[in-house]
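Chain by chain, the residues:
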Protein chains: 2
Amino acid sequence: MTKPELIYFDAPGRAEPIRMLLHFAGIEYEDTRFPGSEWPAIKPTTPLGFVPVMKIDGKQYCQSLSLTRYAAKLADWYPASEFQALKCDMVAETINELAALAPKSKDQDELKKLRQEFQKDTLTKYWKFVEGIIQENGGILVSGSTPTFADLLIQQSVLMIKLGFWDHIDTNFFDDYPGLNATCKAVEENEKVKAYMAAKKK
Amino acid sequence: MTKPELIYFDAPGRAEPIRMLLHFAGIEYEDTRFPGSEWPAIKPTTPLGFVPVMKIDGKQYCQSLSLTRYAAKLADWYPASEFQALKCDMVAETINELAALAPKSKDQDELKKLRQEFQKDTLTKYWKFVEGIIQENGGILVSGSTPTFADLLIQQSVLMIKLGFWDHIDTNFFDDYPGLNATCKAVEENEKVKAYMAAKKK
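Residues numbered from 1 in each chain as written. Chains lettered and ligands numbered in written order. Predicted model: local features only at pLDDT ≥ 70, side-chain atom pairs only at ≥ 80, totals over all residues. Heavy atoms only, no water.

A.B. asks: How should I be thinking about the overall build of chain A in this particular structure?
C.D. replies: When its secondary structure is counted, chain A shows 8 helices and 4 strands. When the elements of chain A are put in sequence order from the N terminus, they spell out β-α-β-α-β-β-α-α-α-α-α-α. Against the 2.2 N^0.38 benchmark of 17 Å for 202 residues, chain A shows a C-alpha radius of gyration of 17 Å, consistent with a compact globule. Along the first, second and third principal axes, the C-alpha atoms of chain A reach 45 × 45 × 35 Å. Every one of the 202 residues in chain A was classed for burial, and the buried ones make up 51%. Considering only contacts within chain A whose residues lie at least 6 apart along the sequence, 68% involve residues at least 24 apart. Carbon and sulfur atoms form 52% of the exposed surface of chain A, whose accessible area is close to 9500 Å². Charge separation in chain A, taken as the distance between the mean sites of 25 positive and 28 negative side-chain charges, equals 2 Å. (Helix = DSSP H or I, 4+ residues; strand = E, 2+ residues; numbered from the N terminus. Rg over C-alpha atoms; globule rule 2.2 N^0.38 Å. Buried < 20%, exposed > 50% of the residue type's maximum accessible area, 1.4 Å probe, protein only. Contact = heavy atoms within 4.5 Å. Areas by Shrake-Rupley, 256 points an atom, 1.4 Å probe, with all protein chains shown as cover. Lys, Arg positive; Asp, Glu negative; His and termini not counted. Charge placed at Lys NZ, Arg CZ, Asp CG, Glu CD.)

Structural data, given as structure tokens:
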């Protein structure tokens, strides 16, 4: 194939795991980033009005989880076992769903109230579920003994909350989740992840 | 593994493609169905408050797309090619997203208005996108030359709208989509699908 192009905001978000996995796979790609101000002009040119979009041989592909899974397969970060892949897909879909469930409001006081309730119920239920999956697999990873795309999605999502990117969600929310913290550590200490971070700094 | 159990309402919905694919794979499973009246009691026993849930070796797995993909792999209805799988995953995720986007309201007049707008914009945009993918692949299927789980999800979703299960969406909505109709025909004429339908009637 010709050099693929990944199109997204100039931010980590839903594109960062795809960027990382393409890097792990050794695939050269065009990392096209645009500022938020250009989004109204770009949105109507995307297949469904969302990014990330990946252009492959001139055609546009979307749906972030599908693109992440595709890149994960190329990077060998997707399990060959159907059952291990089920666990990873389930965790990936759960994290994806959670992002869509976070309440929104233009009223800051109402947003704060809604987000605090969300943290207590849905956010806690969803992350406890993922923590349970990790504990069943020995306390470090979602499946197997090497990181998969599900572990990468966990690490990226946990990091966003820890860094305060989720308005009104406690940045220390994950203090009581040993499995999730172990996953983050395993991902961050992975040689390919370290090489990506080093390349990014240049 | 011990005999898996699939838990869902006594309805097609998000479980039917999984039931079909498990049948195609020749996997014996417990098809546990419950009436809507039992849902309030069952909901808190599920991992995230949703069905379908599949019990495998005593543990519960959820997320319908992940379960569908798992069953599709067992049935050989999931492409081995990463790129063909990307196209199928993208279509599956698009159909899944569309179901979540359909507007809801307890006021019937408002519901009708919202659904008519939804049909004109989002529903049309999403299905035109899927129609385009089918046309790029020769006009019959999403990828390759034999049906995949993406084609099955198309057929099931189109059928639900044609049968009037989507309130206030025209049952003849798909009249102008030759690719989607060809996909439905190819799925319905598939020998494994015919065998499933015949077994169901018994």
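A.B. asks: I keep staring at the nonpolar core and nothing clicks. Help me out?
C.D. replies: In terms of nonpolar packing, the biggest core is built from 128 residues, with Trp127 and Ile154 of chain A together with Trp127 and Ile154 of chain B touching the most fellow members. Excluding its chain neighbours within four sequence positions, the residues that come into contact with Ile154 of chain A are Val91, Ile95, Trp127, Val130, Ile134, Val142, Leu180 and Thr183 of chain A. (Core = buried A, V, L, I, M, F, W, Y, C linked by side-chain atoms within 4.5 Å.)

A.B. asks: Is there a simple way to think about the domain arrangement of chain A in this case?
C.D. replies: Interface size is commonly expressed as the accessible surface area that is lost when the partners come together. All names here are of chain A. Considered domain by domain, chain A is made up of domain 1 (5-76) and domain 2 (82-189). Of the roughly 930 Å² buried between domain 1 and domain 2 on both sides combined, carbon and sulfur atoms contribute 72%. The tally of links between domain 1 and domain 2 comes to 1 salt bridge. The closest approach of N and O atoms between Arg69 and Asp89, which form a salt bridge, is 2.9 Å. At the junction of domain 1 with domain 2, the criterion picks out 2 residue pairs in polar contact (both at pLDDT 80 or more). At the level of elements, helix 1 (16-24) and helix 3 (64-75) are the ones that each hand at least two residues to the side of domain 1 that touches domain 2. (Domains from an automatic or database assignment. Buried area = accessible area lost by both parts, 1.4 Å probe. Salt bridge = Lys/Arg side-chain N within 4 Å of Asp/Glu carboxyl O. Polar contact = N/O pair within 3.5 Å; in protein donor to acceptor, adjacent residues only side chain to side chain.)

A.B. asks: I keep staring at the interface of chain B and chain A and nothing clicks. Help me out?
C.D. replies: Contacts between chain B and chain A engage 32 residues on the former and 32 residues on the latter. Between the two partners, chain B and chain A, sit 2 salt bridges. Counting every contact that joins chain B to chain A gives 12 residue pairs in polar contact (both at pLDDT 80 or more). Those elements that place two or more of their residues in the side of chain B that touches chain A are strand 4 (59-61), helix 3 (64-75), helix 4 (82-101) and helix 5 (108-136) of chain B. Among the elements that line the side of chain B that touches chain A, the one with the most residues is helix 4 of chain B, at 11 residues. Tallied by class, the residues present in the side of chain B that touches chain A amount to 17 nonpolar, 5 polar and 10 charged. (Nonpolar A, V, L, I, M, F, W, Y, C, P; charged D, E, K, R; others polar.)

A.B. asks: When you look at the UniProt feature "domain: GST N-terminal" (unreviewed entry) in chain A in this model, what are you seeing that I'm missing?
C.D. replies: Listed under "domain: GST N-terminal" (unreviewed entry) in the UniProt record, and renumbered for this structure, are residues 2-79 of chain A. Strand forms 22% of residues 2-79 of chain A and helix 32%; the C-alpha atoms that close the span are 26 Å apart. (UniProt positions renumbered as here; feature names shortened; annotations may be inferred.)

A.B. asks: Any chance you could explain the packing of aromatic side chains here in plain terms?
C.D. replies: Remark: the centre distance and the inter-plane angle together describe each pair of aromatic rings, the angle taken between the planes. Residue and element names in this part refer to chain A. By the definition in use, this model includes 25 aromatic pairs over all chains. Taking 5.4 Å as the distance between ring centres and 45 degrees as the angle between the ring planes, the aromatic pair formed by Tyr78 and Phe149 counts as tilted. Residue Tyr78 is located in the loop between helix 3 and helix 4 (82-101), and its partner Phe149 is located in helix 6 (residues 149-162); the two are separated by 71 residues in the primary sequence. Since its relative accessible area comes to 0%, Phe149 is described here as buried. (Phe/Tyr/Trp six-rings, centres within 6.5 Å; stacked < 30°, edge-to-face > 60°.)

A.B. asks: Would you mind going over the relation of the copies chain B and chain A with me for this structure?
C.D. replies: Copy one and copy two of the chain differ by a rotation about a common axis and a shift along it. By a simple turn and slide, chain B fits onto chain A: the slide is 0.0 Å along the axis, the RMSD is 0.0 Å, and the turn is 180 degrees. Taken together, the rotation and translation describe the operation of a two-fold axis. Taken together, the interface assignments show that 100% of the residues at the interface of chain B recur at the interface of chain A, consistent with an identical surface on both copies. (Least-squares fit on C-alpha atoms with pLDDT ≥ 70 in both.)

A.B. asks: What's the story with the sheet that holds strand 4 of chain B in this structure? I'm lost.
C.D. replies: Note: strands within a sheet are paired through backbone hydrogen bonds, in either parallel or antiparallel orientation. The strand order 2-1-3-4 (chain B) describes an open sheet built from 4 strands, whose pairing is mixed. Two strands lie at the open edges of the sheet, namely strand 2 (30-34) and strand 4 of chain B, each paired on one side alone. Across the sheet, the mean angle from the axis of one strand to that of its neighbour is 25 degrees, orientation sign disregarded. Inspection of the sheet shows strand 1 (residues 5-9) of chain B paired to strand 2 of chain B by 5 bridges, in the parallel sense. Each bridged residue has a counterpart across the sheet, and for Glu5 of chain B the counterpart in strand 2 of chain B is Glu30 of chain B. Sitting on the sheet, helix 4 of chain A is in contact with strand 3 (53-56) and strand 4 of chain B, with an inclination near 60 degrees to strand 4 of chain B. (Pairing = 2+ DSSP bridges. Axes fitted to C-alpha atoms, helices over the stretch in contact; angles between N-to-C directions.)

A.B. asks: Would you mind showing me how to read the UniProt feature "domain: GST C-terminal" (unreviewed entry) in chain A here?
C.D. replies: Here the UniProt-annotated "domain: GST C-terminal" (unreviewed entry) positions come out as residues 51-202 of chain A. Taken end to end, residues 51-202 of chain A comprises 64% helix and 5% strand; its first and last C-alpha atoms sit 26 Å apart.

A.B. asks: Sorry, what's going on with the sheet that holds strand 1 (residues 5-9) of chain A here?
C.D. replies: All names here are of chain A. Spatially, 2-1-3-4 is the arrangement adopted by the 4 strands of the open sheet, whose pairing is mixed. Both outer strands of the open sheet, strand 2 (30-34) and strand 4 (59-61), are each paired with one neighbouring strand and no more. Adjacent strand axes in the sheet meet at a mean angle of 25 degrees, parallel and antiparallel pairs treated alike. When strand 3 (residues 53-56) meets strand 4, the two strands line up antiparallel, connected through 3 bridges. Looking at the pairing, Lys55 lines up with Gln60 of strand 4.

A.B. asks: Looking at this model, I keep getting lost on the side chain of Glu16 of chain A. Mind explaining?
C.D. replies: All names here are of chain A. When you line up the elements, Glu16 lands in helix 1. Residue class for Glu16 comes out buried when judged on its relative accessible area of 3%. At 2.8 Å, the side chain of Glu16 and the side chain of Tyr196 are in polar contact. Residue contacts for Glu16: discarding those within four places in its chain leaves Arg33, Gln156, Tyr196 and Lys200.

A.B. asks: Looking at this structure, how should I read the pairing of strand 3 of chain A?
C.D. replies: Looking down a regular strand, the side chains alternate between one sheet face and the other. Residue and element names in this part refer to chain A. Here 3 bridges tie strand 1 to strand 3, and the two strands are oriented antiparallel to one another. Bridging across to strand 3, Ile7 finds its partner in Val53. Hairpin connection between strand 3 and strand 4: a loop of 2 residues separates the two successive antiparallel strands, and Asp57 in this loop has a positive phi of roughly 45 degrees.

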